[in-house]
Amino acid sequence: MDKNRGIWFQIIMVLSFCFLLAACAPEREEPAGGEDSGQETAEKPEELTIWANDEEAQLEAIEDIAADYEEQEGIKVNVVAKSMLDQEQELALAGPEGKGPDLFFQPHDRIGNIVAQGLAEPLQLSDEQISGYSEAAMEAVSYNYDGQTDWYGVPMVFETYGIFYNTDIIPEAPETIEDLQTAINEHTNPDQEQYGFLMKPNDLYFTYPFFKNYGAYIFGGDTGEYDTSDIGLNNEGAVEGGKLYQSFFGQGKIPASTTTDVIDGLFTEGKVGAVINGPWAIPGYREALGDSLAFAPFPTINGEPGETLVGVKSWMVSYYSENKDWATDLALFLTNQDNLQHYYEVAGELPPNTEALEAMEDPIHTAFAEQIQHGVPMPSTPQMSQVWEPMNNALQFLADGEEVQPVLDEAVEQIQANIEASGQ
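Since we're looking at a predicted model, the values are computed, not measured.

Thresholds, definitions, all that
- Residues numbered from 1 in each chain as written.
- Predicted model: local features only at pLDDT ≥ 70, side-chain atom pairs only at ≥ 80, totals over all residues.
- Heavy atoms only, no water.
- Helix = DSSP H or I, 4+ residues; strand = E, 2+ residues; numbered from the N terminus.
- Buried < 20%, exposed > 50% of the residue type's maximum accessible area, 1.4 Å probe, protein only.
- Contact = heavy atoms within 4.5 Å.
- Areas by Shrake-Rupley, 256 points an atom, 1.4 Å probe, with all protein chains shown as cover.
- Salt bridge = Lys/Arg side-chain N within 4 Å of Asp/Glu carboxyl O.
- Core = buried A, V, L, I, M, F, W, Y, C linked by side-chain atoms within 4.5 Å.
- Pairing = 2+ DSSP bridges.
- Axes fitted to C-alpha atoms, helices over the stretch in contact; angles between N-to-C directions.
- Left-handed = near helix turned anticlockwise from the far one by under 90°.
- Nonpolar A, V, L, I, M, F, W, Y, C, P; charged D, E, K, R; others polar.
- Polar contact = N/O pair within 3.5 Å; in protein donor to acceptor, adjacent residues only side chain to side chain.

S.K.: I would appreciate a short explanation of the overall build of the chain in the present structure.
M.R.: A count of helices and strands for the chain gives 17 helices and 14 strands. In the chain, buried positions account for 51% of the 424 residues. Long-range pairs, those at least 24 residues apart, make up 76% of the contacts in the chain with a sequence separation of at least 6. Carbon and sulfur atoms form 45% of the exposed surface of the chain, whose accessible area is close to 19,900 Å².

S.K.: Is there a simple way to think about the pattern of salt bridges in this case?
M.R.: One pass over the structure, following the stated rule, counts 10 salt bridges. Residue Lys-99 pairs with Glu-97 through a salt bridge whose shortest N-O separation is 3.8 Å. A single burial state applies to Lys-99 and to Glu-97, both of which are exposed. Lys-313 is the salt-bridge partner of Glu-159, the closest N and O atoms lying 3.5 Å from each other. Taken together, the residues Glu-159 in strand β6 (residues 154-159) and Lys-313 in strand β13 (residues 309-317) connect sequence positions 154 residues apart. The class for Lys-313 is buried, based on a relative accessible area of 11%. One continuous salt-bridge network, built from bridges that share partners, spans Glu-159, Lys-313 and Glu-349.

S.K.: I would appreciate a short explanation of the nonpolar core in the present structure.
M.R.: Phe-164, Phe-197, Met-199, Phe-210, Tyr-245, Phe-248 and Val-387 are the most contacted members of the largest nonpolar core, which has 76 residues in total. Looking at this core, the element that brings in the most residues is helix α17 (residues 404-422), giving seven residues. Residues within four places of Met-199 in sequence aside, it is in contact with Thr-207, Phe-210, Tyr-245, Phe-248, Phe-249, Ile-254, Thr-258, Ile-263 and Ile-276. By size, the runner-up hydrophobic cluster in this structure holds 52 residues, among which are Ile-62, Val-115, Ala-120 and Leu-123.

S.K.: What should I look at first to understand the pairing of strand β4 (residues 142-145) in this one?
M.R.: Look at any regular strand and the pattern is simple: side chains alternate between the two faces of the sheet. Both β4 and strand β5 (residues 148-151) contribute to a ladder of four bridges, which runs antiparallel. Following the sheet pairing, Ser-142 is matched in β5 by Trp-151. Counted between consecutive antiparallel strands, the loop separating β4 from β5 contains two residues, among which Asp-146 sits at a positive phi close to 55 degrees.

S.K.: Help me understand the packing of helix α9 (residues 236-246) against α17, please; the structure alone is not making it clear to me.
M.R.: To describe two helices that pack against each other, one gives the angle between their axes and the distance between the axes. Taken N-terminus to C-terminus, the directions of α9 and α17 make an angle of 115 degrees; their axes are 9 Å apart at the nearest point. Crossing hand, α9 versus α17: right-handed. Note on element contacts: α17 touches α9 through Val-404, Gln-405 and Leu-408, opposite Ala-238, Val-239, Gly-242, Lys-243 and Gln-246. Per-class residue counts for the contact of α9 with α17 are four nonpolar, three polar and one charged.

S.K.: Would you explain α9 in this entry?
M.R.: Given 3.6 residues per helical turn, the α-helix brings residues three or four places apart onto the same face. Of the positions making up α9, those classed as buried are Gly-237, Ala-238, Val-239, Gly-241, Gly-242, Leu-244 and Tyr-245. Where α9 is buried, its residues touch α7 (177-187), α8 (204-212), β10 (225-232), α16 (388-399) and α17. Put simply, Asn-235 is the residue that caps the front of α9, since its side-chain oxygen is 3.1 Å from the backbone nitrogen of Gly-237.

Structure below.
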C-alpha cells in the first residue's frame, strides 16, 4: 500500500507541474480568422501598413475602419494615401526595398499585370470567409498564373451598370430591350432635344449586354483562365447583337454623335427618359431629379437578363509583406458586412455583398444588388487593354450605319494584331 501510494503521489506531482506549465505559457497569437481561416499561425505584428486610394471620402472611411481594427487587435494600422492608379508602379519599386505596404488597393482588371510582376500574394481563403461576397466579385479577383488559379484580392467595391430613368417621362421600369425601343419611339423629339433613351455610341463597357446575351464574348476560357487567342466579338451572336445595337441609332433615334457630357446634361435637365450608367452617377442624378429618379437592372435581351460587365476593387496582399497572414485578416475585417456598410455611407461606393446592399433599404441599391447577380467580370488579363480601342471604334462605325459583320471582323483582326505587337 505504501509503495502504491508513493507511485500515485509521483503521478499527481507530474500532472500538477504540467498544468502549471500550461497555465503560465503565453497565449498563442493568430489572425482573427482562426484555425479555419486556412492561414498558418503567425506572430502578431506591432503594425501594418495599407495603401488606400487618395480620394478624400474613401480615405476617411478607411481610416475609421482601421481605427476599429487597432482597437480590436492592438495592431497599429498605418493608412497611407496613394492614388490607386499609381500603386502598382510604386510597389514595384518600394516592395523589394522593404518600404511597401502590407495591403494595397486595386481594380481587378489590373490583376493580370500585378501577378505577372510578382507583386501580389495568392490568398488562401475558406468557404466561410468568402460566403458574404457575390459570386461575380470572387470570380473577378481570381486569376490563373502558371497553371494555378488563385484568389488575389478581397473585394471591397463593385461597379456595374443598369438603367437610370426619369419617372416623370417613363413611369414604369423598362424590363425588356423592346421597352427601351418603345421609349425612343414615344418620347423622342430631336428638335426639342428630348429623347426617350440615350446611350453613348462608342463604349463597349456599357453596351456589352447587346453582344453577350446573343453568345458573344471577349476572350474564351473561364474567368481568370482566359484563352486570349479565342476572341468571340465577331461570331454569329456578336453579329446578331450588333444589328440590335445598330437599330437604336439613326434618324429620329439616338444621335450617332452624342457624348457622355451631352447625355448626362440632358438627363439631369429632365429631357431624357432613360440612360445607361453606374453607381457613381447616383449623387448627381439624385440631386437633379430628386424623387423622379429611379433605377432598374439592365433590361432582358434575347429573353435573358442583361449580362453587364462588372468591375471590382479589392485589397491585395503584397508579396513583400512580412505579415501576410495578418494582412489578409485586416483585408477581411475591412470588408465585413458592417464595415462595408460604413464605407458606403461615407464613400458612396457599393459593396460586393448583396446582404449589405439589401440592408441599405434603398430601391436603387437593391436594384444594383439584383444586377450584380447577372454580372460578368471584366477580363483581368493584360491583353484586355488591347480590346477597348478597336471595339469602341467598331461601335461608332455601327452607330454610323456601316455593315455589321465586316466592321466586327476588322475590329477582331486589329485586336489580334495589337496583342501580337504588344508581346503579351
